[in-house]
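# Structural overview for review
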Amino acid sequence: MKPVCNSVSVCVPATSANLGSGFDVAGIALDYADSLVFTLDDSLDDLQDVRVIISGEGENTLPKDETHLVVRAFRKACEAFGLPHLRFTLEAHNRIPQARGMGSSASAIVAGVAAAWAFAHSGDLNRQAIFELAAAIEGHPDNVAPAVFGGLTTSWKNGSEFHTVRYGVSKQIRATIFVPNFTLSTQMARQALPEKVPYADAVFNVSRACLLPIAFGDFADFGGACDSVDFCDSADSCVKSTLSRNDLLFTATQDAIHQPYRASLMQPTWDLVKALRDKGFAAAISGAGSCAAVFYEEKSQASEEENNAANISKKTVAAEIEKIAKPLLVGCDWKILHVHVDSIGVAITRE
């Protein structure tokens, strides 16, 4: 099979997995992305059939040869999609922090698989095929799914097959990500977990994880601060809640089965999460760490006057989060990101 184009540009979002209660199951896409360009290059020879150029995150640490994760995923996907061994130049413009719990490895794999699909086929991406292969390469789907589909996802493995369900996320949901200057490997985070957890803790997490689609959900009218409200989606499926959106976000992100066991591996992050939760914010360790993620609602209004008030409210929420966090950021070089939720997932352009 010959490639259908000469160059493919890929944009793939960062992700935050677990979201507190949804351990190894839930993930959400963030509007903070890596951009990569794959260009076929006949000037390369058998001694060097890939050229890797990296800017941004990892430019001084990531490999620039066939061992690069994006290249490895691309090679596997080319074989799966019937493409020959291609010579190409990869230009990676990385924004997603490495080994911080923002899905950098999943995003790299999705980028490679999506690019291979785009070289092998014309038309829109087959996201299901990309998801299945990328999840198989990654070994677990919780970060892969939101990187492919965008929004909020719940994923699972059945035998050798990976599956996911995507939920729309309210456009009013915002996230603040605290990125520390220290890394944490997923392997180390895994090793900190017990083989068994108490039954009551398992039930606690199941009850909270069930709330995630509602807490983050894209509903026409959430109902504000009323004591008891109805809110409906586009299919007129209504839900009654006695809690505000932020109350639900706080409750849905509670956890008893993984974060406490990993806390000592990233004590500054855990202290930050606890401090924010003590003030009522829906904070959680992002993925396996070391980032902390905080989710909240920014309400939009109809009139100009109300919009101005909403903008002030947004600044106040972000400022309040930073104010709470500030005493805990001393002694560690933290980066603070205020981002939206990505609703698109991986995107490509062919040339």
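Residues numbered from 1 in each chain as written. Predicted model: local features only at pLDDT ≥ 70, side-chain atom pairs only at ≥ 80, totals over all residues. Heavy atoms only, no water.

Secondary structure summary: the protein contains eleven helices and 13 strands in total. Expressed as a percentage of its 351 residues, the buried residues of the protein come to 49%. Counting contacts in the protein only where the partners sit at least 6 residues apart, residues at least 24 apart contribute 73% of the total. (Helix = DSSP H or I, 4+ residues; strand = E, 2+ residues; numbered from the N terminus. Buried < 20%, exposed > 50% of the residue type's maximum accessible area, 1.4 Å probe, protein only. Contact = heavy atoms within 4.5 Å.)

The relative placement of two packed helices comes down to the angle between their axes together with the axis-to-axis distance. It is at 7 Å that the axes of helix H1 (residues 69-80) and helix H2 (residues 104-120) come closest, and there the two elements cross at 40 degrees. By the angle between their directions, the pair H1 and H2 is classed as oblique. Crossing geometry of H1 relative to H2 is assigned as right-handed. Residues Leu69, Val70, Ala73, Phe74, Ala77 and Cys78 of H1 form the contact with H2, whose own contacting residues are Ser105, Ala108, Ile109, Gly112, Val113, Ala115, Ala116 and Phe119. Grouping the constituent residues of the contact of H1 with H2 by class yields twelve nonpolar, two polar and no charged. (Axes fitted to C-alpha atoms, helices over the stretch in contact; angles between N-to-C directions. Parallel < 35°, antiparallel > 145°, perpendicular 65-115°, else oblique. Left-handed = near helix turned anticlockwise from the far one by under 90°. Nonpolar A, V, L, I, M, F, W, Y, C, P; charged D, E, K, R; others polar.)

Glancing now at the nonpolar core. Counting residues in hydrophobic clusters, the biggest one holds 47 residues, and the most contacted among them are Phe38, Phe74 and Val113. Of all elements in the fold, only strand S1 (7-17), strand S2 (26-40), strand S3 (50-56), H1, strand S4 (88-94), H2, helix H3 (127-138) and helix H4 (144-149) reach the threshold of two or more residues within this core. Contact partners of Phe74, with chain neighbours within four places excluded, come to Phe38, Leu86, Phe88, Gly112, Ala115, Ala116 and Phe119. Core analysis: the next-biggest nonpolar cluster, separate from the first, contains 27 residues, Ile28, Phe216, Ala252 and Val341 among them. (Core = buried A, V, L, I, M, F, W, Y, C linked by side-chain atoms within 4.5 Å.)

Turning our attention to the confidence of the model for the protein. Per-residue confidence for the protein averages 91 on the pLDDT scale, and 89% of its residues sit at or above 70. Counted against residues more than four places away or in other chains, residues 220-236, with its pLDDT under 50, gives 36 contacts. (pLDDT = per-residue confidence, 0-100.)

Below, the discussion takes up the environment of Pro268. Looking at the secondary structure, you find Pro268 in helix H10 (residues 267-278). As a C-alpha pair, Pro268 and Pro180 span 88 residues in sequence and 8.7 Å in three-dimensional space. Those residues within four positions of Pro268 in sequence are excluded, and the remaining contacts are Phe182 and Trp334.

This brings us to H10. Compared with an ideal rise of 1.5 Å per residue, which puts twelve residues at 16 Å, H10 spans 16 Å between its outermost C-alpha atoms and is within 8% of the ideal. When H10 is considered as a whole, its buried residues turn out to be Thr269, Trp270, Leu272, Val273, Ala275, Leu276 and Arg277. Gly280 sits one or two positions beyond H10 and adopts a positive phi of about 90 degrees. (Expected span 1.5 Å × (residues − 1).)

One pass over the structure, following the stated rule, counts seven salt bridges. Its salt-bridge partner being Glu298, residue Arg174 comes within 2.7 Å of it at the nearest N-O pair. Linking Arg174 in strand S7 (residues 173-179) with Glu298 in the loop between strand S11 (292-297) and helix H11 (304-325), this pair joins segments that are 124 residues apart in sequence. Taken individually, Arg174 and Glu298 each receive the classification buried, so the pair is uniform in this respect. Its salt-bridge partner being Arg245, residue Glu297 comes within 3.6 Å of it at the nearest N-O pair. Residue Glu297 is located in strand S11, and its partner Arg245 is located in helix H8 (residues 245-252); the two are separated by 52 residues in the primary sequence. Assigned by exposure class, Glu297 and Arg245 land together as buried. (Salt bridge = Lys/Arg side-chain N within 4 Å of Asp/Glu carboxyl O.)

The step from Gly289 to Ser290 runs through a cis peptide bond, and the omega angle for that step is 20 degrees. Relative to the elements of secondary structure, Ser290 occurs in the loop between strand S10 (282-285) and S11. Positive phi, normally seen in glycine, also occurs at Asn18, with a value near 80 degrees. Assignment of secondary structure puts Asn18 in the loop between S1 and S2. Phi angles above zero are rare outside glycine, and Asp24 is one such case at about 65 degrees.

A few words on H8. Among the residues of H8, Arg245, Leu248, Leu249 and Ala252 are the ones counted as buried. Take H8 and look down its axis: the buried residues cluster within an arc of 100 degrees, on one side only. (Arc of directions from axis to C-beta.)

With that settled, the discussion passes to the packing of aromatic side chains. Following the criterion strictly, the structure yields eight aromatic pairs and no others. On the basis of an interplanar angle of 25 degrees and a centroid distance of 5.3 Å, the ring pair of Phe38 and Phe74 is categorised as stacked. Linking Phe38 in strand S2 with Phe74 in helix H1, this pair joins segments that are 36 residues apart in sequence. Look at Phe38 and you get buried, because its relative accessible area is 0%. Judged by centre distance (4.7 Å) and plane angle (55 degrees), the ring pair of Phe74 and Phe88 falls under tilted. Of this pair, Phe74 sits in helix H1 while Phe88 sits in strand S4, placing them 14 residues apart in sequence. (Phe/Tyr/Trp six-rings, centres within 6.5 Å; stacked < 30°, edge-to-face > 60°.)

A few words on the packing of H2 against H3. Relative to each other, H2 and H3 sit at 135 degrees, their axes nearing to 9 Å. By the angle class used here, H2 and H3 are oblique. Handedness of the H2/H3 crossing: right-handed. Judged by residue contacts, Ser105, Ala106, Ile109, Val110, Val113, Ala114 and Trp117 of H2 engage Ala129, Ile130, Leu133, Ala134, Ile137 and Glu138 from H3. Grouping the amino acids of the contact of H2 with H3 by side-chain chemistry returns eleven nonpolar, one polar and one charged.

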